[in-house]
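Okay, here's what each chain looks like letter by letter:
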Amino acid sequence: MSQNVRRLRVDGLVAQPGDFTFDALSAFPEDGQVRDVSRFHPKRPGDGVTLRALLDRVRPEPSATYLTLHATKDNFAASIPLAAVVDEAVLVYQLNGEPYPEAKGGPFRFLIKNPAACHTDELDDCANVKFVDRIELTSGKGRDTRPHDEAQHEALHQHS
Ligand SMILES: Nc1nc2c(c(=O)[nH]1)N[C@H]1C(S)=C(S)[C@@H](COP(=O)(O)O)O[C@H]1N2
Ligand SMILES: [Mo]
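The sections below set out a description of the structure shown in this document. All values derive from a computational prediction rather than experimental measurement. (Residues numbered from 1 in each chain as written. Chains lettered and ligands numbered in written order. Predicted model: local features only at pLDDT ≥ 70, side-chain atom pairs only at ≥ 80, totals over all residues. Heavy atoms only, no water.)

This part is about the packing of aromatic side chains. Counting across every chain of the model gives two aromatic pairs. Seen in terms of ring centroids, Phe-20 and Phe-28 are 6.2 Å apart; in terms of plane orientation they differ by 70°. Their pairing is edge-to-face. Taken as a pair, Phe-20 and Phe-28 share a single burial class, namely buried. Here the basic side chain of Arg-57 rests over the ring of Phe-28, its NZ or CZ set 4.0 Å away from the ring centre. (Phe/Tyr/Trp six-rings, centres within 6.5 Å; stacked < 30°, edge-to-face > 60°. Buried < 20%, exposed > 50% of the residue type's maximum accessible area, 1.4 Å probe, protein only. Lys NZ or Arg CZ within 6 Å of the ring centre and 35° of its normal.)

If you want it as structure tokens, here you go:
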């Protein structure tokens, strides 16, 4: 396999850290697949796998309480409570049978089904991390670069 196949690393407080490629995610059984995320995010197309199915592969330790989503590409991170999101989130990896385009936040994009408005809650739209390349399971809150107020949020959106 080529060296530059893009992969998502899932590690931290897990029994079995893993690296997931487009092909690996495509091969998840149908009960772990989420077809057409625009059903709950009208402006965001694509297909994904459930966070639950992804975590089943790595087996989080009981001490893992937060999920820290890292995007190396733009040095963005969000850290959210695991229990609150485990059955509410999708890892989007595909559009029209192809890897998810970077213009939409690919190759991997995290998506919470019913996020709160930006900077109003831990599970807000800002936590829908684009270009996510590492999901780290942590004990307590990890790195989080999300904006804290509307001025910071505006500034971030000038660049993205
Ligand atoms: N990597 C990365 N992910 C990110 C951001 C970012 O700046 N970088 N912005 C967040 C914020 S503040 C919002 S509101 C949403 C915007 O998603 P959209 O571009 O699909 O509308 O992405 C979130 N994910
Ligand atoms: Mo946001």
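This is not the end of the story, as more comes after the structure.
A separate point is the environment of Thr-68. Structurally, Thr-68 is set in strand E5 (residues 66-71). Judged by its relative accessible area of 0%, Thr-68 falls in the buried class. Taking the C-alpha atoms as reference points, Thr-68 and Ala-155, 87 residues apart in sequence, are found 23 Å from one another. Setting aside residues up to four positions removed in sequence, Thr-68 forms contacts with Ala-78, Ser-79, Arg-134, Ile-135, Glu-136, Thr-138, Gly-142 and Arg-143. Within the local environment of Thr-68, its side chain forms a polar contact with the side chain of Thr-138, the two groups lying 3.3 Å apart. (Helix = DSSP H or I, 4+ residues; strand = E, 2+ residues; numbered from the N terminus. Contact = heavy atoms within 4.5 Å. Polar contact = N/O pair within 3.5 Å; in protein donor to acceptor, adjacent residues only side chain to side chain.)

Both strand E1 (residues 7-12) and strand E2 (residues 18-21) contribute to a ladder of four bridges, which runs antiparallel. Looking at E2, one finds that Arg-9 is bridged to Asp-19. Counting the residues in the hairpin turn of E1 and E2 gives five residues. (Pairing = 2+ DSSP bridges.)

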